[in-house]
Amino acid sequence: MTQLAAVHGVLPDYRYPQAELTDAVAEACGLDDNQRRFLERVHRSSGVATRHLTLPLEQYPLPDFGAANDAFLRGAIDLGTRAVQGALADAGLTVDDVDTILAVTSTGLAIPSLDAHLAGRLALRPDVKRTPIVGLGCAAGAVGISRLHDYVRAWPEQVAVLVTVELCSLTVQYDDRSPTNLVASGLFGDGAAAVVAVGPDRPVHGPTVLATRSVLYPDTLRTMGFDIGANGLKVVLGTEVPTLAEKHLRLGVDEFLAEHELTRKDITTWVCHPGGPKVLEAIESGLELPEGALGASWNSLRRIGNISSASVLHILRDTLVDRPPEPGTPGMLIAMGPGFSAELVLLRW
């Protein structure tokens, strides 16, 4: 079994109320009156009160994709370094203990990959094993935990680190006045998180990963993701996401739990990625969850927005610190993302 020795989230220093960001997007996009009213409506209904940005608001928009990606790399190295350092300190470990690092992102490109940059900045051992994971979007925080579990099962004496960095603010297309882009401009924020995983022989007090499952839904490639063009990453966000979550997630969860002689009623704590208000409502309805079961997800959405792959890790950390589950009980971590896909992680608190 895999133990999560530490979960640590970090956010950029620049924090803004949603109304201020709405005004900035409207001005930068040059919206007419009707478009601005639509923007204000979708921003108000996003469930987001404040968000963090990697750059001061006055520096947006950046002139082109190259400038945005340069800013991504600078910000990702800074936030990723802080996240890993914090997680290792929380786990009582040092950089010399790290045997492998998985670096996750979908909001920027880097070759050498982000993990190589972080290895240098952190001064990891030269024999550290590196794995970049790019393009899994909002599901990637949960996928990263699944891959940590795979690694630690094979090498239980080693220390595995996951770091996820998403700078969604750098992907907003200010020449795109489509409803999809305007909705996304009010939902996504910036942030990073790191997880330290170890084998069963180390004395730690974090949750244990019991099992994982991936579900890839057929014929849904255009449901969520990015199109890559001359101006950078253009969001793809289908209106069918809540319907997919409500109709199909329950079957995968029930089959997964049944393999471990559990049902949804046995799960004491749910840690779910906050895709947005409609997605959270669809998960609550589809899984028939009791009132307040996704309270940590709703609160995270309000405070920091949707920070893609890092969100579910922030919610996991908030759960462990603010609402500690009863030790020894089962929990479920869920995230959905491009593919269209769902990633399920069964935990024991």
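Per chain, the residues get numbers from 1 upward, laid out in the order the sequence is written. Note on the predicted model: pLDDT of at least 70 is required for a residue's local features to be given, and 80 or more for side-chain atom pairs to be given and counted; whole-chain, interface and lining totals, by contrast, use all residues. For side-chain calculations, the full set of non-hydrogen atoms in the structure is used, while hydrogens and water are omitted.

### Examining the sheet that holds strand β6 (residues 160-167)
Strand order across the open sheet formed by 9 strands is β5-β4-β6-β7-β1-β8-β13-β12-β11, with mixed pairing between neighbours. Each end of this open sheet is capped by a strand with a single partner; those strands are β5 (129-134) and β11 (269-272). Along the sheet, successive strands turn relative to each other by an average axial angle of 25°, direction set aside. Across 8 bridges, the pairing between β6 and strand β7 (residues 190-198) is antiparallel. Looking across to β7, one finds that alanine 160 is bridged to alanine 197. In what follows, a contact means two residues having at least one pair of non-hydrogen atoms within 4.5 Å. Axes here refer to lines fitted to C-alpha atoms; in helices the fit is confined to the stretch in contact. Angles between the N-to-C directions go from 0 to 180 degrees. The numbering of helices and of strands both runs from the N terminus, where a helix is a DSSP run of H or I of at least 4 residues and a strand a run of E of at least 2. The sheet strands contacting helix α5 (residues 140-154) are β1 (2-10), β4 (100-105), β5, β6, β7, β8 (208-216), β12 (330-337) and β13 (341-348), and the helix crosses β6 at an angle near 165°. Any two strands with at least two DSSP bridges between them are considered paired.

### Here's the deal with the packing of aromatic side chains
We call Phe, Tyr and Trp rings a pair once their centres come within 6.5 Å, taking the six-membered ring for Trp, and we label the pair stacked below 30 degrees between planes, edge-to-face above 60, and tilted otherwise. Within the structure shown, the criterion is met by 1 aromatic pair. Residues tyrosine 217 and phenylalanine 340 carry aromatic rings whose centres are separated by 6.0 Å and whose planes lie at 25° to one another, so their mutual orientation is stacked. Highlighted residues: tyrosine 217 in the loop between β8 and β9 (224-229) and phenylalanine 340 in the loop between β12 and β13, separated in sequence by 123 residues. The same class applies to tyrosine 217 and to phenylalanine 340, which are both buried. A 1.4 Å probe rolled over the protein chains alone gives each residue an accessible area, and that area as a share of the maximum for its type sets the label: buried under 20%, exposed over 50%, partly exposed in between.

### Looking at the UniProt feature "active site" (unreviewed entry) in the protein chain
UniProt tags Cys138 as "active site" (unreviewed entry). Structurally, cysteine 138 can be placed in the loop between β5 and α5. In contact with cysteine 138, not counting residues within four places along its chain, are Phe188, His273, Asn306, Ser308, Ser309, Ala335, Met336, Gly337 and Pro338. UniProt positions are given in the numbering used here, feature names are shortened, and annotations may be inferred rather than shown by experiment.

### Focus on helix α8 (residues 277-286)
Regarding α8, the residues found buried are Pro277, Val279, Leu280, Ala282, Ile283 and Gly286. Residues of α8 that are buried in the fold lie against α7 (241-258), β11 and α9 (295-304).

### Re the environment of valine 172
When you line up the elements, valine 172 lands in the loop between β6 and α6 (179-184). The buried category is assigned to valine 172, whose relative accessible area is 18%. Along the backbone, valine 172 and lysine 234 are 62 residues apart, and their C-alpha atoms lie at a distance of 7.3 Å. Once residues lying within four places of it in the same chain are set aside, the contact partners of valine 172 are Asn181 and Ser185.

### Focus on the pairing of β7
For β7, the tally of buried residues reaches 9 of 9 residues, placing the bulk of the element in the interior. Neither face of β7 is exposed, since Asp190, Ala192, Ala194, Val196 and Val198 on one face and Gly191, Ala193, Val195 and Ala197 on the opposite face are all buried. In this sheet, β7 lies alongside β1 in antiparallel orientation, the contact comprising 7 bridges. By the bridge assignment for β7, valine 10 is matched with alanine 192.

### A closer look at the pattern of salt bridges
In what follows, salt bridge is the name for a side-chain nitrogen of Lys or Arg lying within 4 Å of a carboxyl oxygen of Asp or Glu. Scanning the model with the defined rule gives 16 salt bridges in all. Here arginine 130 makes a salt bridge to aspartate 115, at a shortest N to O gap of 2.5 Å. Of this pair, arginine 130 sits in strand β5 while aspartate 115 sits in helix α4 (residues 114-122), and the two are 15 residues apart along the sequence.

### Thoughts on the environment of proline 200
By the element assignment, proline 200 lies in the loop between β7 and β8. Judged by its relative accessible area of 43%, proline 200 falls in the partly exposed class. Sequence spacing of proline 200 and arginine 153 is 47 residues, and the spatial spacing of their C-alpha atoms is 9.4 Å. For proline 200, the contacting residues outside a window of four places in its chain are Met1, Gln3 and Pro156.

### Observations regarding the UniProt feature "domain: Chalcone/stilbene synthase N-terminal" (unreviewed entry) in the protein chain
Here the UniProt-annotated "domain: Chalcone/stilbene synthase N-terminal" (unreviewed entry) positions come out as residues 6-199. For the annotated span residues 6-199, helix accounts for 42% and strand for 22% of the residues, and the straight-line distance between the end C-alpha atoms is 13 Å.

### Considerations on the domain arrangement of the protein chain
Bear in mind that the domain bounds are from an automatic or database domain assignment. When the domains of the protein chain are assigned, the result is domain 1 (3-198) and domain 2 (208-348). Centre-to-centre separation of domain 1 and domain 2, based on C-alpha positions: 18 Å. Of the residues lining the interface, 51 residues belong to domain 1; the matching set on domain 2 comes to 43 residues. Roughly 3,600 Å² of surface becomes buried between domain 1 and domain 2 when both sides are summed, with 67% attributable to carbon and sulfur atoms. Once two parts are put together, the accessible area they lose, assessed with a 1.4 Å probe and summed over both, is termed the buried area. Summed over the three residues of domain 1 that lose the most area to domain 2, namely Val7, Phe65 and Cys138, the buried surface amounts to 16% of that side. For the pair domain 1 and domain 2, the number of links is 1 salt bridge. One salt bridge connects aspartate 176 with lysine 234, and the closest N-O pair in it is separated by 4.0 Å. N or O atoms closer than or at 3.5 Å make up a polar contact, with two conditions inside protein: a donor-capable atom paired with an acceptor-capable one, and, for residues adjacent in sequence, both atoms drawn from side chains. Applying the counting rule to domain 1 against domain 2 returns 13 residue pairs in polar contact (both at pLDDT 80 or more). Of all the secondary-structure elements, those providing two or more residues to the side of domain 1 that touches domain 2 are β1, β3 (50-53), α5, β6, α6 and β7.

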